[in-house]
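Each chain, written out:
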Amino acid sequence: MKKTELPILDPAHPTGVYSFSTKVSWWMSDPERFLALLTEAASLLQEPGYYLSDNLFTWGRNNSALDDKPFMNAWKSNIYNAADQAILWRRYILCTSAYHCVQLEGDFVECGSLFGTGIKTVIDYFGREEFAKTFWGYDTFDTNPVDGHGFDGQKAGLYEEILKRFDGYDNVKLVKGLLPQSLQGNSPEKIAFLHIDLNSAEYEVAVLKVLFDRLVPGGILILDDYEWSGLYRPQKLKEDDWFERREYRVIPLPTGQGMVIKR
């Protein structure tokens, strides 16, 4: 079996630190004023390395994603909309987790693929010709079963558009249908990397019941919305209960994601 070539991380500049910002965050009553105030706050910082995007404002950080050239190339080439640009840190969590998982036995799986940007960014991080895993992507694609979560561009014919986007990516399997039913007879028995982004506690727990036991030891699960509050809080509550009964604890990430490492 072919082994995936790992992307090379060049040494970071000893003193150079990059900052990153976009105009995209959510849940502000006055987005323009909010951004203006945080931009002013950024001008008062004594240390470089701030990150202002995706409801996250940090400073005095290395912002390691910006030093990883293979990642930056993959991320930039896969910006499909403004949200893709905003969630750079979340995408880097996926790619660095994939770096670990690609060295394990098992396939890659994403539940809630929408436009396929997460899958394509991960594969392109390694290189389309170098990525030796099978990557499964599940979504309804052209409809959204979760009330209030329809996305711009989610329309009839989207599935065919996404298939064209993956032309030449022969190791990608895109499965159209409602989860978890679409997993039946059409999913891998061993999983190294599992990314779940369904915006619904009910659907995510249903998928976990089917797929979590298939994660190999050392495999990584990323829950995209786990640490987000508001309308996403039910996902944390139900997933905490589900994992507690299995003596696992979700690792909350400042990006809003949650991480579980299979033992």
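Residues numbered from 1 in each chain as written. Predicted model: local features only at pLDDT ≥ 70, side-chain atom pairs only at ≥ 80, totals over all residues. Heavy atoms only, no water.

## Let's talk about the sheet that holds strand β8 (residues 215-223)
Part 1 of the reasoning: Sheet architecture is open: seven strands sit in the order β6-β5-β4-β7-β8-β10-β9, paired in mixed fashion. Edge positions in the sheet fall to β6 (172-176) and β9 (251-252), since each of these pairs with one other strand and no more.
Part 2 of the reasoning: With two bridges joining them, β9 and strand β10 (residues 258-261) adopt antiparallel strand pairing. Residue I251 lies in a different strand from β10, and its bridge partner there is M259.
Part 3 of the reasoning: Taken strand by strand, helix α5 (residues 117-126) contacts β4 (107-111), β5 (135-139) and β6, and its axis lies near 165° from that of β5. (Pairing = 2+ DSSP bridges. Helix = DSSP H or I, 4+ residues; strand = E, 2+ residues; numbered from the N terminus. Contact = heavy atoms within 4.5 Å. Axes fitted to C-alpha atoms, helices over the stretch in contact; angles between N-to-C directions.)

## Comments concerning the environment of K120
Part 1 of the reasoning: Looking at where K120 falls in the secondary structure, it is placed in helix α5.
Part 2 of the reasoning: The exposure class of K120 is buried, given its relative accessible area of 12%.
Part 3 of the reasoning: Sequence separation between K120 and V250 is 130 residues, and the spatial gap between their C-alpha atoms is 26 Å.
Part 4 of the reasoning: Every residue in contact with K120, bar those within four places of it in the chain, is listed here: N78, R165, F166 and Y169. (Buried < 20%, exposed > 50% of the residue type's maximum accessible area, 1.4 Å probe, protein only.)

## Here we look at the packing of aromatic side chains
Geometry of an aromatic ring pair is reported as the spacing of the ring centres plus the angle between the planes.
Part 1 of the reasoning: Scanning all chains against the criterion turns up 25 aromatic pairs.
Part 2 of the reasoning: Aromatic pair F108 and F131: ring centres 5.4 Å apart, planes at 80°, arrangement edge-to-face. Note that F108 is positioned in strand β4 and F131 in the loop between α5 and β5, a separation of 23 residues in sequence.
Part 3 of the reasoning: Ring geometry for F141 against Y159: centres 5.2 Å apart, planes inclined by 50°, an arrangement best described as tilted. (Phe/Tyr/Trp six-rings, centres within 6.5 Å; stacked < 30°, edge-to-face > 60°.)

## Thoughts on the nonpolar core
Part 1 of the reasoning: With 41 residues, the main nonpolar core has F71, L88, F108, V122, F135, V172 and L174 as its most contacted residues.
Part 2 of the reasoning: By residue number, the principal contributor to this core is helix α4 (residues 88-101), which donates seven residues.
Part 3 of the reasoning: With near-sequence residues (within four places) excluded, V122 lies in contact with L94, C95, A98, F108 and F135.
Part 4 of the reasoning: In terms of nonpolar packing, the next biggest core, distinct from the first, is built from 27 residues, V109, I196, L198 and V205 among them. (Core = buried A, V, L, I, M, F, W, Y, C linked by side-chain atoms within 4.5 Å.)

## Some thoughts on the pairing of β10
Part 1 of the reasoning: Here β8 pairs with β10 via four bridges, running antiparallel. Note that in β10 the partner of L221 across the bridge is V260.
Part 2 of the reasoning: What sits between β9 and β10 in their antiparallel hairpin is a turn of five residues, with G256 showing a positive phi close to 100°.

## Concerning the side chain of D224
Part 1 of the reasoning: Inspection of the secondary structure puts D224 in the loop between β8 and α8 (233-244).
Part 2 of the reasoning: In this structure the side chain of D224 is engaged in a polar contact, spanning 3.0 Å, whose partner is the side chain of R90.
Part 3 of the reasoning: If we ignore the near neighbours within four places in the chain, the residues touching D224 are R90, H195, I196, D197, G256 and Q257. (Polar contact = N/O pair within 3.5 Å; in protein donor to acceptor, adjacent residues only side chain to side chain.)

## Side note on the packing of α4 against α5
Part 1 of the reasoning: Relative orientation of the contacting elements α4 and α5 amounts to 50°, with a least axis distance of 10 Å. Our classification of the angle between α4 and α5 gives oblique. In the crossing of α4 with α5, the sense of the turn from one axis to the other is right-handed. Touching R91, L94, C95, A98 and Y99 of α4 are T117, G118, T121, V122, Y125 and F126, all from α5.
Part 2 of the reasoning: In terms of residue class, the contact of α4 with α5 is made up of seven nonpolar, three polar and one charged. (Parallel < 35°, antiparallel > 145°, perpendicular 65-115°, else oblique. Left-handed = near helix turned anticlockwise from the far one by under 90°. Nonpolar A, V, L, I, M, F, W, Y, C, P; charged D, E, K, R; others polar.)

## A word on the sheet that holds strand β2 (residues 51-53)
Part 1 of the reasoning: Taken together, three strands build an open sheet; the order of strands is β1-β2-β3 and the sheet is mixed. Edge strands, defined here as strands with exactly one partner in the open sheet, are β1 (20-21) and β3 (56-58).

## Describing helix α6 (residues 158-165)
Part 1 of the reasoning: Within α6, burial applies to L158, Y159, I162 and R165. For α6, the angular spread of the buried residues around the axis is 110°, confining them to a single face.
Part 2 of the reasoning: Looking at the packing, one finds that the buried side of α6 touches α5 and β6. (Arc of directions from axis to C-beta.)

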